Amino acid sequence: MPDRIHVEVDGRRLDISNLDKVLYPRAGFTKGEVLDYYTRIAPTLLPHLRDRPLTRTRYPNGVEGDGFFEKNAPAGTPEWVRTVRLPVPGSSKGREQIDFIVVEELATVVWLANLAALELHTPQWRVDAQGRPLDPDQLVVDLDPGPPAGLPECFEVALILRERLAADGLQCAAKTSGKKGMQLVVPLPGEETADEVSAYAKAVAEELARARPRLVVAKMAKQLRPGKVFIDWSQNNAFKTTVAPYSLRAGPTPTVSAPLTWDEVEAGELTAADLTPSVVLDRVAARGDLLLGR
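Reading the values: rules and limits
- Residues numbered from 1 in each chain as written.
- Predicted model: local features only at pLDDT ≥ 70, side-chain atom pairs only at ≥ 80, totals over all residues.
- Heavy atoms only, no water.
- Helix = DSSP H or I, 4+ residues; strand = E, 2+ residues; numbered from the N terminus.
- Rg over C-alpha atoms; globule rule 2.2 N^0.38 Å.
- Contact = heavy atoms within 4.5 Å.
- Areas by Shrake-Rupley, 256 points an atom, 1.4 Å probe, with all protein chains shown as cover.
- 1 Å grid on protein atoms, 1.4 Å probe; cavity = no way out; pocket = protein on both sides within 12 Å on 5 of 7 lines; lining within 4 Å.
- Points joined across faces, edges and corners; volume = space filled by probe spheres on them.
- Nonpolar A, V, L, I, M, F, W, Y, C, P; charged D, E, K, R; others polar.
- Salt bridge = Lys/Arg side-chain N within 4 Å of Asp/Glu carboxyl O.
- Expected span 1.5 Å × (residues − 1).
- Buried < 20%, exposed > 50% of the residue type's maximum accessible area, 1.4 Å probe, protein only.
- Pairing = 2+ DSSP bridges.
- Axes fitted to C-alpha atoms, helices over the stretch in contact; angles between N-to-C directions.
- Phe/Tyr/Trp six-rings, centres within 6.5 Å; stacked < 30°, edge-to-face > 60°.
- Lys NZ or Arg CZ within 6 Å of the ring centre and 35° of its normal.
- Core = buried A, V, L, I, M, F, W, Y, C linked by side-chain atoms within 4.5 Å.

> Any chance you could explain the overall build of the protein chain here in plain terms?
Along the protein chain, the regular secondary structure elements total six helices and 18 strands. In terms of overall dimensions, the protein chain is globule-like: its C-alpha atoms have a radius of gyration of 19 Å, near the 19 Å expected for 294 residues. Here the C-alpha coordinates of the protein chain stretch approximately 60 × 40 × 35 Å along the principal axes. Within the protein chain, contacts between residues at least 6 apart in sequence are counted, and of these 65% link residues at least 24 apart. Surface accessibility of the protein chain: about 13,800 Å² in total, with carbon and sulfur atoms responsible for 50%.

> Would you explain empty space enclosed by the protein in this entry?
Picture a little ball the size of a water molecule; that probe, rolled over the atoms, points out where space is still empty. All told, the structure shown has four cavities of 30 Å³ or more when counted by the stated rule. Its boundaries defined by the atoms lining it, the largest cavity holds a volume of some 60 Å³. Counting residues per element, the lining of the largest cavity draws most heavily on helix α6 (residues 277-287), which supplies four residues. Residues that form the lining of the largest cavity fall into these classes: six nonpolar, one polar and two charged.

> How should I be thinking about the pattern of salt bridges in this particular structure?
Pairs may arise between side chains of opposite charge once their charged atoms sit close together. For the structure shown, the criterion picks out 21 salt bridges. Here Arg85 ties to Asp99 by a salt bridge, and the two come within 2.7 Å at their closest N and O atoms. In this pair, Arg85 is assigned in strand β7 (residues 82-87) and Asp99 in strand β8 (residues 97-102), connecting sequence segments 14 residues apart. Close ionic contact of Asp128 with Arg132 constitutes a salt bridge, the shortest N to O distance being 2.8 Å.

> Where do I start with helix α3 (residues 151-167) in this structure?
Because an α-helix completes one turn every 3.6 residues, residues spaced three or four positions apart along the sequence face the same direction. Spanning 17 residues, α3 covers 24 Å between terminal C-alpha atoms, matching the ideal 24 Å at 1.5 Å per step. Taken together, the buried positions of α3 are Leu151, Cys154, Phe155, Val157, Ala158, Ile160, Leu161, Arg164 and Leu165. With its phi angle positive at about 80 degrees, Gly169 sits one or two positions after the end of α3.

> What should I look at first to understand the environment of Pro133 in this one?
In this structure, Pro133 sits in the loop between β9 (117-122) and β10 (138-145). Through-space distance from the C-alpha of Pro133 to that of Arg40 is 29 Å; in sequence the pair is 93 residues apart. Residues within four places of Pro133 in sequence aside, it is in contact with Leu86, Trp125, Arg126 and Val127.

> Mind showing me how you'd approach the sheet that holds strand β18 (residues 259-260) here?
If you walk across this open sheet you meet the six strands as β13-β14-β10-β12-β11-β18, and the pairing is mixed. The open sheet terminates on both sides in strands that have one partner only, identified here as β13 (216-217) and β18. Here strand β11 (residues 173-176) pairs with strand β12 (residues 182-187) via four bridges, running antiparallel. Along β12, the bridge assignment pairs Ala174 with Leu184. Packing against the sheet, α3 makes contact with β10, β12, β13, β14 (229-232) and β18, and its axis sits at approximately 20 degrees to β12.

> What is the right way to look at the packing of aromatic side chains in this model?
Given two aromatic rings, one states the distance between the centres and the angle between the planes to describe the pair. With the rule as written, the count across this model stands at two aromatic pairs. The ring of Trp262 is capped by Arg162, whose NZ or CZ atom sits 4.5 Å from the centre of that ring.

> Explain the pairing of β14 here, please?
Where a strand is regular, its side chains alternate between the two sheet faces. Judged by which residues are buried, β14 turns out to be covered on both faces: Val229 and Ile231 on one side and Phe230 and Asp232 on the other are all buried. As paired strands, β10 and β14 are joined by four bridges and run antiparallel to one another. Following the sheet pairing, Asp142 is matched in β14 by Asp232. Of the strand pairs in this sheet, β13 and β14 are connected by two bridges, and their pairing is parallel. Within β14, the position partnered with Val216 by the bridge is Val229.

> Whenever I open this one, the side chain of Asn114 confuses me. Can you help?
Following the sequence through the fold, Asn114 ends up in helix α2 (residues 106-114). Discounting residues that sit within four places of it in the chain, Asn114 has contacts with Asp15, Ile16, Ser17, Lys31 and Leu35.

> In this structure, what is going on with the nonpolar core? I would like to understand it.
Nonpolar side chains tend toward joint burial in soluble globular proteins. Core analysis: the biggest nonpolar cluster contains 75 residues, and Tyr38, Leu143 and Met182 have the highest contact counts within it. In terms of residue count, the dominant contributor to this core is helix α1 (residues 31-49) (nine residues). Leaving out residues up to four positions away in the same chain, Tyr38 has contacts with Leu45, Val109, Ala113, Ala117, Leu118, Leu120, Tyr246, Ser247 and Leu248. In terms of nonpolar packing, the next biggest core, distinct from the first, is built from eight residues, Leu86, Ile98, Phe100 and Val102 among them.

The quantities given are spatial measurements derived from coordinates; they are silent on function.
What follows is the structure, given as structure tokens:
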């Protein structure tokens, strides 16, 4: 196979390269397979990326090499890729603003996959047509287990949280992080600020930590977390991001941040390793997007 080939994606001309390069060595999973997964999942993935400034984690030398976070649009970004200029307080590079990529079409997904952007992370808010940030349209609670706790304990906490959120009239959907934890996603009308949403999530997390101190912790301090599930309410900070639904994760083998049914959460049998790209594609083909109905 040639090192570089030219393709056309919905009228956009792209160069893609090194399709045989192995990005997940333990699984023998190649860049071509990454491109294939992202191309096939794109119709389901795109609604979750649209209008959200994107942070990527790139692994050009594979998951066993050095990866790096990338927020800014890299040199050579095609002119047809949408970008928005936004503030970045506390930037490690001292920048006040940078140009973020906003994914709106399949061609951008393919272009990013060709850059070995394995992981896609988004904030809980979108931008409008002029690129101005809107109030958050979702609340996300990240459940992070401290060993020896794992995904089974996250499932238990997720069920408790579902009941607690329902008491406030909020419906949530569950998804794995693709690694050791999971997230709950709550749709919002976009009428509250990120600070207000974050304060609410913090209050709920602290309430559950008081009610179930042997299972739940609401503080980030690592010494408090062994054997418990940390409810990370801070994911709702306006400048934080969460792995997007259907994103690949960079681990020993390719796994996906995949939506779950509540029956699956209650059964507590799935593991992150079960949710591979091929399995997730089959799940979407059979069930559609489980997050759409929340």
